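The primary structure of each chain is shown beneath.
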Amino acid sequence: MPLRSAQVCTAVNAKPLTWTVRVLWILLPLTLGGLLGDAAATGDGATAQTAVAWAVWAIGLFASFVQLPAALVLLRVVVPLPLVGGVVAAFTETPEPLGWAGLANAAAVAVVAMSAVVGGDFINGSSYGDEHRMSLRMPTALLLGPIEAVWFCTSVPLPLAMSVLGRGQWVGGGVLLVVGAVLAFAGFKALSRLARRWVVLVPAGLTIVDPMALAEPVLLKRTAIGRLGPAPVDTDAMDLTIGAGGLIIQADLNEPVELVRAVTRRAGVGTAVETNSILVAPTRPGELLALAEERRIAVDRT
C-alpha cells in the first residue's frame, strides 16, 4: 500500500511545533556557538570538540527534517546534548548575554522536541493509507531514572570518545569509542522499541500496537466498540497501560476480543486471553477521542 502523498513531503507538511524545533535548532550555532567555542579554546582538543559540536548539530538538523519514527528517536537522543554542553561550558566561561540566550535556546529546543505533538508528526511519517497513529505514554517508573540512564549511555560516550581522541589519548579514546558504539547501538534499539508504542486509528476501527504489553497488535473493530472514553475510577478492565500515568482511556467492547500478552520473564511465553474491556494511555487522549468520533466510533467523554 503506497504512502499518502502528504507523508512523502514530510519536511513541509509538519505542525508549527515541529517547525519550531527546526528553527530553534538552526539558531543554535548563532546563539550557543560562541559560549561553546570560548570554553573549548581554554582546554585541550579544541578542534576535536568543535568538530563534535558541529557533528551533533548536523545530525540533529538531518533528523528534524526526516519525519519517521527512527528519526524521532535520533532527534530526541541528540537534542539535549547542546544544553548539557552549554551548562558545562558555563562553568568554564561566564556566559555573556548571547550565551545565556543560547542556553535558553538549547533548553527550549530540548523541551519542545519531547512534546507529543512533535512526536505525532514523526510517527505518522511512515503510516499507511487512511490511518492515524498516536503514541502511548511511557510507564511512570521508566521516567524516574531508567530513561535518563539509557539516554546518557546512548548519547554521551561517543562524543566524549571523539573529544578524548582529539587530545591524542589513543588508548583511552579507542576503548571509550568501542564501548560507546556498543552502548549507542543497544540504547538506540531500546529507545526505538519505546517509541513504537501506538494507538492507530484505521478504517476498520482502532489498533493497539505495544510490544511492551502485547505480543502482537490487536484490532478493536469499530462496530464492536460500545464505548470509548475516560476510564472509571473503579474499572476492572484489562490494563495495557503498563504503569503509565495521566488520563486513561477505556474501550468497552460489545463482543470479546482475544489478545496475546507480551512475553515476560515471570510468565515466559505470551498468554492468550479474552476481554471485553481494555485500558490504554495515549499521550493525547483528547485528540484520540476527537478523531475516533470523526470516524464514527462510539465516544463517551463522561
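Data block above holds the structure.
Right, let's walk through the structure included here. Computed from a predicted model, the values in this text were never measured in an experiment. (Residues numbered from 1 in each chain as written. Predicted model: local features only at pLDDT ≥ 70, side-chain atom pairs only at ≥ 80, totals over all residues. Heavy atoms only, no water.)

1. Some thoughts on the overall build of the protein chain
Definition in use: Only DSSP runs of H or I with at least four residues qualify as helices, and only runs of E with at least two residues qualify as strands; both kinds are numbered from the N terminus onward. Each residue's exposure class comes from its accessible area (1.4 Å probe, protein chains only) as a fraction of the maximum for that residue type: buried when under 20%, exposed when over 50%, partly exposed otherwise. Any pair of residues with heavy atoms lying within 4.5 Å of one another is described as a contacting pair. Per-residue and other accessible areas follow the Shrake-Rupley method at a 1.4 Å probe size, with only the shown protein chains counted as cover for residues. Only four residue types enter the charge count, namely Lys and Arg as positive and Asp and Glu as negative; His and the chain termini do not. Where a charge sits is defined by one atom per residue type, namely NZ (Lys), CZ (Arg), CG (Asp) or CD (Glu).
Counting secondary structure elements, the protein chain contains 13 helices and eight strands. Projected onto its principal axes, the C-alpha positions of the protein chain cover 70 × 40 × 40 Å. Here the protein chain, with 302 residues, has 44% of them falling under the buried criterion. Taking as baseline every contact in the protein chain between residues at least 6 positions apart, the subset at least 24 positions apart corresponds to 70%. Accessible surface, the protein chain as shown: approximately 15000 Å² in total, 67% of it carbon and sulfur. Separation between the mean location of the 21 positive side-chain charges and that of the 21 negative ones in the protein chain comes to 4 Å.

2. A short note on the side chain of Asn105
The topology assignment puts Asn105 in helix 7 (residues 97–113). In this structure Asn105 touches Leu24, Leu27, Leu28 and Thr31, once residues within four positions along its chain are discounted.

3. With respect to the layout of surface pockets
Applied cut-off: Points on a 1 Å grid over protein atoms alone make up a cavity when a 1.4 Å probe fits among them but cannot get out, and a pocket when they form an open set with protein on both sides within 12 Å along at least five of seven lines; lining residues each have an atom within 4 Å of a point. Grid points are joined across faces, edges and corners, and a volume is the space filled by probe spheres set on the points. Nonpolar residues are Ala, Val, Leu, Ile, Met, Phe, Trp, Tyr, Cys and Pro. Charged residues are Asp, Glu, Lys and Arg, and all others, Gly as well, are polar.
As a volume, the largest pocket reaches approximately 920 Å³. Elements supplying a minimum of two residues to the lining of the largest pocket: helix 2 (16–31), helix 3 (33–41), helix 4 (46–64), helix 6 (80–92) and helix 11 (157–166). Here the lining of the largest pocket is composed, by residue class, of 20 nonpolar, nine polar and one charged. Within this model, the second largest pocket holds a volume of roughly 690 Å³. In terms of lining residues, the second largest pocket is bounded by 24 residues, among which Arg76, Met114, Met138, Leu143 and Ile147 are the most central. Elements with a contribution of two residues or more to the lining of the second largest pocket: helix 5 (69–78), helix 8 (116–123), helix 9 (140–143), helix 10 (146–155) and helix 12 (170–195). It is helix 5 that provides the largest number of residues to the lining of the second largest pocket, a total of four residues. Grouping the amino acids of the lining of the second largest pocket by side-chain chemistry returns 15 nonpolar, six polar and three charged.

4. Re the sheet that holds strand 4 (residues 218–221)
Heads up, the condition is: Paired strands, as defined in this entry, are two strands with at least two bridges between them according to DSSP. Axis lines are fitted to C-alpha atoms, over the contacting stretch for helices. Their N-to-C directions set the angle, which ranges from 0 to 180 degrees.
With antiparallel pairing, the four strands of this open sheet are ordered in space as 1-2-3-4. Unpaired on one side and paired on the other, strand 1 (132–135) and strand 4 mark the two borders of the sheet. Pairs of neighbouring strands in the sheet enclose a mean axial angle of 20°, with direction left out of account. Note that strand 2 (residues 198–202) and strand 3 (residues 205–209) share five bridges and pair antiparallel. For Trp198, the partnering residue across the bridge sits in strand 3 and is Val209.

5. Regarding a nonpolar patch on the surface
Cut-off, in case you're wondering: The patches reported here contain residues having more than 30% relative accessible area and no salt bridge. Joining distances are 9 Å for like charges and 5 Å for nonpolar side chains (Val, Leu, Ile, Met, Phe, Trp, Tyr). Throughout this description, the term salt bridge denotes a Lys or Arg side-chain nitrogen within 4 Å of a carboxyl oxygen of Asp or Glu.
On the surface, Val171, Val175, Val179 and Leu183 cluster together into a nonpolar patch covering about 340 Å² of accessible area. Among the structural elements, Val179 can be located in helix 12. On the basis of relative accessible area, Val179 is assigned to the partly exposed category, the value being 41%.

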